[in-house]
Amino acid sequence: MTRNMMIGLIAAGVIIVGGGAAYMLTREDDSAPAGSSQEAGDASAASFNPTSTEGLEFKATITTQKDGQTMTATLEHDDQNRSRYVSNLGGQQTEVIYTNDAYYTCQAGGTCIKFPISQSANSGFDPSAYNYDQSELAGFSDRSYKGKQDCPSGTCDVWEVTAGGFTSTLYIDSRTKRITQVEGNIGGASSKIVYDYTDVTITVPANAQEINVPGAAQ
């Protein structure tokens, strides 16, 4: 079963989630057999063996275009499993910070609200959509090799991956085997995600207003 893509406009802060579009579409659950790949093109020139993002720090730049409108966002992920997502649309910035036990939404001006992690489904953003462990990488069972191409990190092996009826293109650095870029289209929206594996520092808001959600696990 493939994971659903997040494309939408969420009120209360105008959080637009579209950056993970193509990326999430290609992610299948762990039940997908790793040995059932269907590779086209000159597959002998490369094998599909991207490096897991587990334990890696990175910054992802996300660009989504739809109906003549462009949304830009960034995702930062540190080695403490914390994530920071910042979107900008029409000059309005929205920030979501994830830790292991809470998430925070912040608006321009520094006002932040803290929620229990058990309510993270309401944040409109899922940082796991940009992280891949080995079992998830093994789930890319329907793929075809498109050869070597230029990419942000230099030279990449390019793979076209289809899941759930949707197709995305993955650029995997030929030297490091890290996923460098992901492109895709769905519902009239095009999405490009570019990864930069670099040191990341995420500061958790110190004076956030805490929201006690009735019935939520703390």
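About the thresholds
Residues numbered from 1 in each chain as written. Predicted model: local features only at pLDDT ≥ 70, side-chain atom pairs only at ≥ 80, totals over all residues. Heavy atoms only, no water. Helix = DSSP H or I, 4+ residues; strand = E, 2+ residues; numbered from the N terminus. Buried < 20%, exposed > 50% of the residue type's maximum accessible area, 1.4 Å probe, protein only. Contact = heavy atoms within 4.5 Å. Areas by Shrake-Rupley, 256 points an atom, 1.4 Å probe, with all protein chains shown as cover. Salt bridge = Lys/Arg side-chain N within 4 Å of Asp/Glu carboxyl O. Polar contact = N/O pair within 3.5 Å; in protein donor to acceptor, adjacent residues only side chain to side chain.

### Details of the overall build of the chain
Thought 1: Scanning the chain for helices and strands turns up two helices and 14 strands.
Thought 2: For the chain, buried positions account for 46% of its 218 residues.
Thought 3: Of all intrachain contacts in the chain linking residues separated by at least 6 positions in sequence, the fraction that spans at least 24 positions is 52%.
Thought 4: Surface accessibility of the chain: about 10,500 Å² in total, with carbon and sulfur atoms responsible for 46%.

### So, the pattern of salt bridges
Thought 1: By the definition in use, this model includes four salt bridges.
Thought 2: With its nearest N and O atoms 3.1 Å apart, the salt bridge here joins Arg84 to Glu76.
Thought 3: Judged by its relative accessible area of 25%, Arg84 falls in the partly exposed class.
Thought 4: Residue Arg84 pairs with Glu95 through a salt bridge whose shortest N-O separation is 2.5 Å. Separated by eleven residues along the polypeptide, Arg84 in strand β5 (residues 83-89) and Glu95 in strand β6 (residues 92-98) bring together distant segments of the chain.
Thought 5: Several salt bridges share partner residues, and in doing so they unite Glu76, Arg84 and Glu95 into one network.

### Some details on the environment of His77
Thought 1: Tracing the chain through its elements places His77 in strand β4 (residues 69-77).
Thought 2: The spatial distance from the C-alpha of His77 to the C-alpha of Thr201 is 8.3 Å, given a sequence separation of 124 residues.
Thought 3: For His77, the residues in contact, after removing those within four places along its chain, are Leu56, Glu57, Phe58, Arg82, Ser83, Asn131, Val200 and Ile202.
Thought 4: Of the polar contacts made by the side chain of His77, one reaches the side chain of Ser83; its length is 2.9 Å.

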